[in-house]
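Observations on chain architecture
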Amino acid sequence: MARKFFVGGNWKCNGTSEEVKKIISILNDGKVASADVVDVVVSPPYVFLPLVKSSLRPEFHVAAQNCWVKKGGAYTGEISAEMLVNLDIPWVIVGHSERRLLLSESNEFVGDKVAYALSKGLKVIACVGETLEQRESGATMDVVAAQTKAIAERISDWTNVVVAYEPVWAIGTGKVATPAQAQEVHLELRKWLQTNVSAEVAASTRIIYGGSVSGANCKELAAQPDVDGFLVGGASLKPEFVDIINAATVKSSA
């Protein structure tokens, strides 16, 4: 089953109005692979969602970086899935390692968030990944399997889920998993889905890689059979993001 390449840009907590307009201009002017080859989703900070949504070329989609675990109410500082739907924002990132580590979001909490967002009609980029300590102790698959299991226990339809494997030790560090390391974990994740969910879900679910992806390494990573795209951090704020999007052609011409 052919899986369409997926490239997400996570802008994190960066940008001013003027800087965001410059990024939008670069993306709008960029020569990129067609929408039937690659799905492109960018994720600005909440305050810039309407600006990006209204200004970005229509074939690119917009994601929020997080949403609350249930319906809105007395949850100061949070944004509900319903609000994102109201703004016509189609995607949300859930379970990013920075939220797991800095804000102590548990596997169960992330699983609940994925399920609630999906129930409200959002599409979800669900993040999993291990720390350096966990990798060095040989626990990588135990960690990502437990993170994925917490999601699988709470949802039945994977159609609108993209799994992002992000080794925590490679995020913002300049370190990057080798193509072989990325492929190994993606393949094991796919095997886990086949065993614990279904063969159909394993074959159709896109598993994308995040962790210091750049214009320099994207093509080699994209060539791996179980790497279905990227979730890009710092490089998504730069012109090279266009080159990363175009790594999709490695797959389409294979």
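These numbers were taken from a predicted model, which means no experiment stands behind them. (Residues numbered from 1 in each chain as written. Predicted model: local features only at pLDDT ≥ 70, side-chain atom pairs only at ≥ 80, totals over all residues. Heavy atoms only, no water.)

**Notes on the packing of aromatic side chains**
For the structure shown, the criterion picks out five aromatic pairs. Residues Phe5 and Phe230 carry aromatic rings whose centres are separated by 5.6 Å and whose planes lie at 80° to one another, so their mutual orientation is edge-to-face. One end of the pair, Phe5, is in strand β1 (residues 5–10); the other, Phe230, is in strand β8 (residues 229–232), with 225 residues separating them in the sequence. This pair shows no difference in class: Phe5 is buried, exactly as Phe230 is. Taken together, Trp68, Tyr75 and Phe109 form an aromatic cluster joined through their ring pairs. In this arrangement the basic side chain of Arg57 is found over the ring face of Phe60, its NZ or CZ atom lying 4.7 Å from the centre. (Phe/Tyr/Trp six-rings, centres within 6.5 Å; stacked < 30°, edge-to-face > 60°. Helix = DSSP H or I, 4+ residues; strand = E, 2+ residues; numbered from the N terminus. Buried < 20%, exposed > 50% of the residue type's maximum accessible area, 1.4 Å probe, protein only. Lys NZ or Arg CZ within 6 Å of the ring centre and 35° of its normal.)

**Some details on unusual backbone geometry**
Phi at Lys12 is positive, roughly 55°, even though this residue is not glycine. Among the secondary structure elements, Lys12 is positioned in the loop between β1 and α1 (17–29). Of note, the phi angle at Ser212 is positive, near 60°, even though the residue is not glycine. Among the structural elements, Ser212 can be located in the loop between β7 (206–209) and α10 (218–222).

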